[in-house]
2 protein chains.
Amino acid sequence: MPTVHDVAKRARVAPITVSRVINNSGYISESTRNRVEAVIREIGYVPNTLARGLRSKRTNTLALVVTDITNPYFTLMARGVEDVAGDSNYTVIYCNTDESEAKEEKYANILAQRQVDGVLLVPAGGNDKTIKFLDSHGISVVVLDRRVSGVKTDFVCSDSEDGSNRLIKLLIGLGHKQIAIITGPKKVSTAVDRVTGYKQALNEAGIAENELVYYGEFNQQSAYELTKQAMARSLKPTAIFGANNFIMLGIIKALRELQLNVPEDVSVVGFDDFPESMLVRPFFTAAVQPAYEMGRLATELLLKRIVSELPEEFQKIILPAEIIERESTGPVGKSTA
Amino acid sequence: MPTVHDVAKRARVAPITVSRVINNSGYISESTRNRVEAVIREIGYVPNTLARGLRSKRTNTLALVVTDITNPYFTLMARGVEDVAGDSNYTVIYCNTDESEAKEEKYANILAQRQVDGVLLVPAGGNDKTIKFLDSHGISVVVLDRRVSGVKTDFVCSDSEDGSNRLIKLLIGLGHKQIAIITGPKKVSTAVDRVTGYKQALNEAGIAENELVYYGEFNQQSAYELTKQAMARSLKPTAIFGANNFIMLGIIKALRELQLNVPEDVSVVGFDDFPESMLVRPFFTAAVQPAYEMGRLATELLLKRIVSELPEEFQKIILPAEIIERESTGPVGKSTA
DNA sequence: CAAAAATATGGTAACGTTATCAGGATAACG
DNA sequence: CGTTATCCTGATAACGTTACCATATTTTTG
């Protein structure tokens, strides 16, 4: 691969001049710049970010640490991050902590090794260890979505208390009084804030709280179990508030099993959304590709290829798609019209 | 920040010995190893990946280039990639091409600059330019999801022809004969393969094709328009095959506007899925967080912080969540039971 | 027991870039 | 016209690591 030196020699300038051209820094005459740029194109020179970062202490790299990129909420957030970062010539590394503080620390270490310039962090726990660690390595941190108490950082979130408050008011307006909330773990600020907003709304309306607060995990399974618990009470809730999108799904699943209709029997509200118009229940008859498996296999292939453990012939792996028959198909001419 | 030299000095060994310890390479006596490891922990040494990569020509970095990480299909794939990569100590950079070959080339350049070890590529077009470019820079490529003709690489995909064939057979089994297919652009292999499978199934069943093949984009808007076109024919399709998940959504949206029920009036099948049990139509009453905006704002903040254009005080940005009232809520005591 | 192999450690240089300092040429100024 | 400011270019060294080669000690082997 050609280097600044090759470009420099060919353009009859010093390497540093080439550096000035590609970085648009310092003074350069039009003619030299043109000459250098011509050579760069000619020999297909590509600057080496590693050397650049090593010397300049700037890598133009950010990291986005979330709990699970698979959650559409975080996916969308990631897209926002990448679009902005890309416009400023930054590259983004994504990390999934799966709500594990251990994983979070592991990633923090990796990111320090990689000398990233900054980290966007959705903290897995209330823990400030990660932030302090990054800080001690001179890495800027912006905290996203969840508060971490007692740490000084920039912080971006949406208003959980207010949102919850308004959702509950909406339910109250519909006549609901037995309103349960199923939320995440106590160590996560959003889980707590949403309870606060919930209680606030109930208090303002003069409704007793009735111990209908259920702390759990921010996932479907946990919500499913807690919903069953909540619906086993003698005085059943007429409405349930799920503190995030996966929780909503767990609620729906449990209610369906209990043969309860939404909203006729139980109203459901929640935080976070799913991309416009996805399925309330498995709906589409579809050929489902094993996307995760494909990602896995491809990466394994690639890694082997990199360490050249693979025979010369290129592999071609074609996985079957699974046909899943659901509600979007039926016999011809059964129109209800 | 401490370096190998600091560790070496303190452990009374040569820097190269420290390198051997952290890389687990070469011969090292137990005692030296312990001594070095103790010093590493003691002074909080973190190896610098840039220097390492510069010297060793290996960055332990992969890139996943997809069209849009926002599509659950790719999100899931990404998770598969990251899990495997992470296990082998590789970090993954994600890139969204938005089906643009120009963006793809731009990213290829960035990835070459970053000296990534390998690229997992979902090609935006039939174009082999990117692959050749990466190849010329000694970067391994595994192609995912879509074929690129005339290029030698590893390749992982699912079986589009077979999947389509089986979906159409399923429809035929239900008595459908007027079956339309709405697919992606002709330059994308999956769009074409799915048509092939479709035609195959029709031929095998002895059903005329009737010009019900609609090429477009792999997105909702395009599918929406094509569905309207298809349903404007004198002999209307009784079933529609959408060649990916976003296309399915566009089909549903158009049919709903045309007051047609699924599956009573029109059956719908498609490729790709959505995560278990999402909404068929906007269903949940929810507090919707501006996830994308949050990602944007946070990144802008971070970038400013990195170049320290920001005043010392840390910012706290709290965005309102939008309350969207939909079908999951209703007045109390309206049970159908 | 000499020779070969395995183990343990280190010195030197190089990866490709840019920070820093410096010098010369040209333009602007009072 | 001397002085200062602006413009243009370059030499040198350094960023932190590991490849490569070398040496010394210990163990194994025939």
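Above this text is the structure in question.
If you're wondering where the values come from, they're calculated on a predicted model, not measured in any experiment.

**A few points about the overall build of chain A**
Secondary structure assignment for chain A yields 12 helices and 12 strands. Counting all 337 residues of chain A, 50% fall into the buried class. Contacts in chain A between residues far apart in sequence, at least 24 positions, make up 66% of those at least 6 positions apart.

**A short note on the protein's contact with DNA strand D**
As a matter of local geometry, DNA strand D sits amid 26 residues, with R55(A), T3(B), V4(B), S19(B) and A51(B) nearest to it. Counting only elements with at least two residues in the surface near DNA strand D, the list comes to α2 (15–23) and α4 (49–56) of chain A together with α1 (4–11), α2 (15–23) and α4 (49–56) of chain B. Considering every element that reaches the surface near DNA strand D, the biggest residue donor is α4(B), with five residues. Taken together, the residues of the surface near DNA strand D break down into 13 nonpolar, 10 polar and three charged.

**Quick notes on the environment of N261(A)**
Summarising the element assignment, N261(A) is placed in the loop between α11 (245–257) and β9 (267–271). Note: C-alpha distance between N261(A) and V66(A) (195 residues apart in sequence) is 34 Å.

**A few points about the protein's contact with DNA strand C**
Near DNA strand C you find 26 residues, and of these T3(A), V4(A), S19(A), A51(A) and V13(B) are the closest. Those elements giving two or more residues to the surface near DNA strand C turn out to be α1 (4–11), α2 and α4 of chain A together with α2 and α4 of chain B. Counting residues per element, the surface near DNA strand C draws most heavily on α4(A), which supplies five residues. Its residues placed into classes, the surface near DNA strand C shows 13 nonpolar, 10 polar and three charged.

**Here we look at the packing of α2(A) against helix α3 (residues 30–43) of chain A**
Residues and elements named next belong to chain A. Remark: α2 packs on α3, axes separated minimally by 10 Å, with the N-to-C direction vectors making an angle of 90°. Relative to α3, the element α2 lies roughly perpendicular. Taken together, the residues of α3 that come into contact with α2 (itself represented by T17, V18 and V21) are T32, R33, V36 and E37. Across the contact of α2 with α3, the residue classes break down as three nonpolar, two polar and two charged.

**Topic: the nonpolar core**
With 80 residues, the main nonpolar core has A63(A), L120(A), A63(B) and L120(B) as its most contacted residues. Those residues in contact with L120(A) that lie beyond four places of it in its chain are L62(A), A63(A), L64(A), V65(A), V81(A), V142(A), L144(A), A298(B), T299(B) and L302(B).

**A look at helix α10 (residues 220–231) of chain B**
In this model α10(B) runs 16 Å from its N-terminal to its C-terminal C-alpha over 12 residues, within 8% of the 16 Å that 1.5 Å per residue would give. At its buried positions, α10(B) is contacted by β6 (179–183), β7 (213–215), β8 (239–242) and α11 (245–257) of chain B.

**Describing the pairing of strand β4 (residues 140–144) of chain B**
Residues and elements named next belong to chain B. Among the five residues that make up β4, five are buried, leaving the element largely enclosed by the rest of the structure. What you see with β4 is no split at all: S140, V142 and L144 on one side and V141 and V143 on the other are buried throughout. Relative to β4, strand β3 (residues 118–121) is paired through four bridges, and the arrangement is parallel. Across the sheet, residue V119 finds its bridge partner in β4, namely V141.

**Side note on unusual backbone geometry**
Its identity is not glycine, yet N24(A) carries a phi of approximately 55°, on the positive side. Positionally, N24(A) belongs in the loop between α2 and α3. Look at N24(A) and you get exposed, because 8 C-beta atoms sit within 10 Å. Notably, N60(B) is not glycine yet its phi reads approximately 50°, a positive angle.

**A short note on the environment of S56(A)**
Residue and element names in this part refer to chain A. Position of S56 among the secondary structure elements: in helix α4. According to the C-beta neighbour criterion, S56 is exposed, with 11 such atoms within 10 Å. On a C-alpha basis, the gap between S56 and A239 in space is 57 Å, while along the polypeptide they are 183 residues apart.

**Observations regarding the packing of α10(B) against α11(B)**
All names here are of chain B. Packing of α10 against α11 brings their axes to within 7 Å, and their N-to-C directions diverge by 45°. Viewed along their axes, α10 and α11 adopt a mutual orientation that is oblique. Considering how the two elements wind past one another, α10 and α11 form a crossing that is right-handed. For the pair formed by α10 and α11, the contact residues are Q220, Q221, S222, A223, Y224, T227 and K228 on the first element and F246, I247, L249, G250, I251, K253, A254 and L255 on the second. Grouping the amino acids of the contact of α10 with α11 by side-chain chemistry returns eight nonpolar, five polar and two charged.

**Quick notes on α1(B)**
Residue and element names in this part refer to chain B. Along α1, the positions that sit buried rather than exposed are V4, V7 and A11. In an axial view of α1, the angular spread of the buried residues amounts to 65°, which keeps them on one side of the axis. The inward-facing, buried residues of α1 abut α2 and α3 (30–43).

Rules of the game
- Residues numbered from 1 in each chain as written.
- Chains lettered and ligands numbered in written order.
- Predicted model: local features only at pLDDT ≥ 70, side-chain atom pairs only at ≥ 80, totals over all residues.
- Helix = DSSP H or I, 4+ residues; strand = E, 2+ residues; numbered from the N terminus.
- Buried ≥ 20, exposed ≤ 12 C-beta atoms within 10 Å, placed from the backbone.
- Contact = placed C-beta atoms within 7 Å.
- Near = placed C-beta within 6 Å.
- Nonpolar A, V, L, I, M, F, W, Y, C, P; charged D, E, K, R; others polar.
- Axes fitted to C-alpha atoms, helices over the stretch in contact; angles between N-to-C directions.
- Parallel < 35°, antiparallel > 145°, perpendicular 65-115°, else oblique.
- Core = buried A, V, L, I, M, F, W, Y, C linked by C-beta atoms within 7 Å.
- Expected span 1.5 Å × (residues − 1).
- Pairing = 2+ DSSP bridges.
- Left-handed = near helix turned anticlockwise from the far one by under 90°.
- Arc of directions from axis to C-beta.

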